[in-house]
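Chain and residue survey
Next come the chains, spelled out residue by residue.
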Amino acid sequence: MDLYTRLARPTLFRVPADTAHRLALAALRWPRLWEVLGSGPDHDPRLGLELHGLRLANPIGLAPGFDKDCDVLASLQHLGFGYLAPGAILRDVRPGNPLPRMGRLPAQGALLNCMGLPSKGREHSIRNLRRLERRRVPIFAEVHGVTPEEILENVAAIQPYAEALEVGLECPNTRDTDRTKQVATAIELVHVLARARQRPTFVKVPYFFRSEQRDRLPDLLDACIEAGLEGVVASAARRQQTDQLSIGYGQITGKPIFQDTLALVGELAAHAAGRLTIVAAGGVSTGRDAYAMLRAGASLVEILTAFVYRGWAAPALINRELLGVLQAEGVESVQALVERRDRASTGRGPFTPLPT
Ligand SMILES: Cc1cc2nc3c(=O)[nH]c(=O)nc-3n(C[C@H](O)[C@H](O)[C@H](O)COP(=O)(O)O)c2cc1C
């Protein structure tokens with residue numbers, strides 16, 4: 001067992017999850033320390049890949065939500081991630097939901113959260129991004145907004161300081177009854193976004209598409225393809241009732257959403273047939289999980305819950321495990337796997353086809 005699982009995690013798990021997150025962010029305020037403790041990027045060429053003009057040391061990214069305000073990127077870049085996705089970045093200072101807004105389900109390897117998009121505001125993040133002079137890994141800034149206009153405004157403001165963008169299309173407090181309308185808004189937004197963006201841009205597929213609006217998902221994918229966006233982020237994080245959180249429900253993430261995310265990645269990949277890059281974000285905690293996502297159609301895999309459960313060594317451990325699986329399966333590299341898979345992709349999957 002490593003230092004984190006033996007000592008740090010038991011200590012952190014004794015305090016409320018929100019406090020543990022604050023403590024972790026405080027510990028990550030010393031980049032010099034993490035330069036020593038962290039594993040640095042893994043330079044094994046079998047893990048590297050090039051995508052949309054970006055060169056990544058490995059396909060494992062840190063998902064949005066851990067470093068919402070770009071406060072600790074200088075330290076995180078020493079931990080062995082292939083890229084970092086800070087955010088969600090919003091225009092204004094927002095308090096988010098009241099505490100407690102994070103919880104844990106240790107027996108399931110899961111987290112619960114109802115953050116409610118807290119933010120220190122866009123200018124704060126921009127200051128931090130400008131200060132990050134020695135960039136070791138690409139930054140995929142996650143830009144959000146409470147209205148479509150704000151999302152576009154934030155994209156314009158943030159893109160000069162990031163190598164790529166992830167864009168959250170889903171507004172935080174949408175009632176279930178408004179969601180069909182939101183699908184239409186999201187599709188419209190994709191077209192405007194594609195014209196406005198100057199960086200590779202990945203749209204976060206809103207979670208509600210997977211239930212009653214699932215049949216509109218192909219429309220959103222087709223809009224992304226037609227508009228020329230680079231890709232989508234797939235996550236099967238779903239809503240769960242809980243008395244651990246202040247508002248009585250939240251998103252569950254981690255191991256319980258792995259299978260659903262894997263299925264979603266497969267469906268998106270089948271429909272996109274190599275025309276969109278798919279980022280898997282849900283329940284990956286081992287190299288074998290990451291490999292399954294890559295096989296299913298993802299080119300990048302981002303983690304958050306596994307970072308909490310496996311600690312600062314998580315990206316290095318997952319990458320090492322991934323190398324072991326590649327070797328065992330006789331696959332020469334991540335890049336080769338992704339390219340071969342996309343070449344073999346024959347076209348539309350289980351979703352409604354585009355009109356010809
Ligand atoms: C505490 C917490 C905060 C999050 N905040 C954001 C966010 O601000 N923006 C976003 O797009 N996703 C957010 N997410 C979702 C993650 O980026 C990721 O998609 C999700 O946790 C699934 O991956 P995992 O199972 O590896 O944790 C958050 C997740 C957690 C647990």
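Structure first, text after, so check above.
A word on the overall build of the protein
A count of helices and strands for the protein gives 13 helices and 16 strands. A globule of 356 residues ought to have a C-alpha radius of gyration of about 21 Å, and the protein, at 19 Å, matches this closely. Once the C-alpha set of the protein is aligned to its principal axes, its extents read approximately 60 × 50 × 40 Å. Evaluated residue by residue, the protein yields a buried proportion of 56% over its 356 residues. Once local pairs closer than 6 in sequence are excluded, the contacts in the protein between residues at least 24 apart make up 74%. Surface accessibility of the protein: about 15100 Å² in total, with carbon and sulfur atoms responsible for 53%. Of the charged side chains in the protein, 43 are positive and 38 negative, and the gap between their average positions amounts to 4 Å.

So, a nonpolar patch on the surface
A surface patch of nonpolar side chains, amounting to about 320 Å² of accessible area, comprises Trp30, Leu33 and Leu37. Turning to its location among the elements, leucine 33 is positioned in helix H3 (residues 31-37).

Quick look at the side chain of serine 285
Position of serine 285 among the secondary structure elements: in the loop between strand E15 (277-280) and helix H10 (287-296). Given the relative accessible area of 10%, serine 285 is considered buried. Setting aside its immediate chain neighbours within four residues, serine 285 contacts Lys255, Ala306, Arg310 and Ile318.

Brief notes about the site of the ligand
Taken together, 21 residues surround the ligand, and among them Pro64, Lys68, Lys204, Gly283 and Thr305 come closest. One nitrogen or oxygen atom from the side chain of lysine 204 is found 2.8 Å from an oxygen atom belonging to the ligand. Within the backbone of leucine 304, a nitrogen or oxygen atom sits 3.0 Å from an oxygen atom of the ligand. Relative to its unbound accessible surface of 600 Å², the ligand loses 94% to contact with the protein. Counted by class, the shell around the ligand contains 9 nonpolar, 9 polar and 3 charged residues.

Comments concerning the pairing of strand E7 (residues 110-113)
Along a regular strand, successive side chains alternate from one face of the sheet to the other. Relative to E7, strand E6 (residues 102-105) runs antiparallel, the two being bridged by 4 bridges. Residue pairing for E7: glycine 103 is matched across the bridge by leucine 112. Where E6 folds back on E7, the antiparallel hairpin that results is connected by 4 residues, among which glycine 109 adopts a positive phi of roughly 65°. Across 4 bridges, E7 lies against strand E14 (residues 249-254) in antiparallel orientation.

Section: the pairing of E15
Alternating residues of E15 divide into Thr277 and Val279 and Ile278 and Ala280, and every residue in both groups is buried. Bridge count between strand E12 (residues 231-234) and E15: 4 bridges; the pairing is parallel. Within the sheet, the bridge partner assigned to glycine 231 lies in E15 and is threonine 277. Where E15 meets strand E16 (residues 300-303), 2 bridges bridge the pair, whose relative direction is parallel. Residue pairing in the sheet places valine 279 in a bridge with leucine 300 of E16. Handedness of the crossover is the feature at issue here: the chain leaves E15, passes through H10, returns alongside E16, and the resulting connection is right-handed.

What about the packing of aromatic side chains?
Aromatic rings in a pair are described by how distant their centres are and how their planes are angled relative to each other. The tally for this structure, following the rule as stated, stands at 7 aromatic pairs. Measuring from ring centre to ring centre gives 5.4 Å for phenylalanine 81 and phenylalanine 307, while their planes differ by 70°; the resulting arrangement is edge-to-face. Residue phenylalanine 81 is located in the loop between helix H4 (73-76) and strand E4 (83-84), and its partner phenylalanine 307 is located in helix H11 (residues 305-310); the two are separated by 226 residues in the primary sequence. Using a relative accessible area of 1% as the deciding quantity, one classes phenylalanine 81 as buried. Across from the ring centre of phenylalanine 13, 5.9 Å away, lies the NZ or CZ of arginine 9, which sits over that ring. A cation over a ring is seen here: arginine 104 above phenylalanine 13, with NZ or CZ 4.4 Å from the ring centre.

Basis of the calculations
- Residues numbered from 1 in each chain as written.
- Predicted model: local features only at pLDDT ≥ 70, side-chain atom pairs only at ≥ 80, totals over all residues.
- Heavy atoms only, no water.
- Helix = DSSP H or I, 4+ residues; strand = E, 2+ residues; numbered from the N terminus.
- Rg over C-alpha atoms; globule rule 2.2 N^0.38 Å.
- Buried < 20%, exposed > 50% of the residue type's maximum accessible area, 1.4 Å probe, protein only.
- Contact = heavy atoms within 4.5 Å.
- Areas by Shrake-Rupley, 256 points an atom, 1.4 Å probe, with all protein chains shown as cover.
- Lys, Arg positive; Asp, Glu negative; His and termini not counted.
- Charge placed at Lys NZ, Arg CZ, Asp CG, Glu CD.
- Patch = residues over 30% accessible without salt bridge, like charges linked within 9 Å, V, L, I, M, F, W, Y side chains within 5 Å.
- Salt bridge = Lys/Arg side-chain N within 4 Å of Asp/Glu carboxyl O.
- Near = heavy atom within 4 Å.
- Polar contact = N/O pair within 3.5 Å; in protein donor to acceptor, adjacent residues only side chain to side chain.
- Nonpolar A, V, L, I, M, F, W, Y, C, P; charged D, E, K, R; others polar.
- Pairing = 2+ DSSP bridges.
- Right-handed = clockwise from strand over helix to strand, strands pointing away.
- Phe/Tyr/Trp six-rings, centres within 6.5 Å; stacked < 30°, edge-to-face > 60°.
- Lys NZ or Arg CZ within 6 Å of the ring centre and 35° of its normal.

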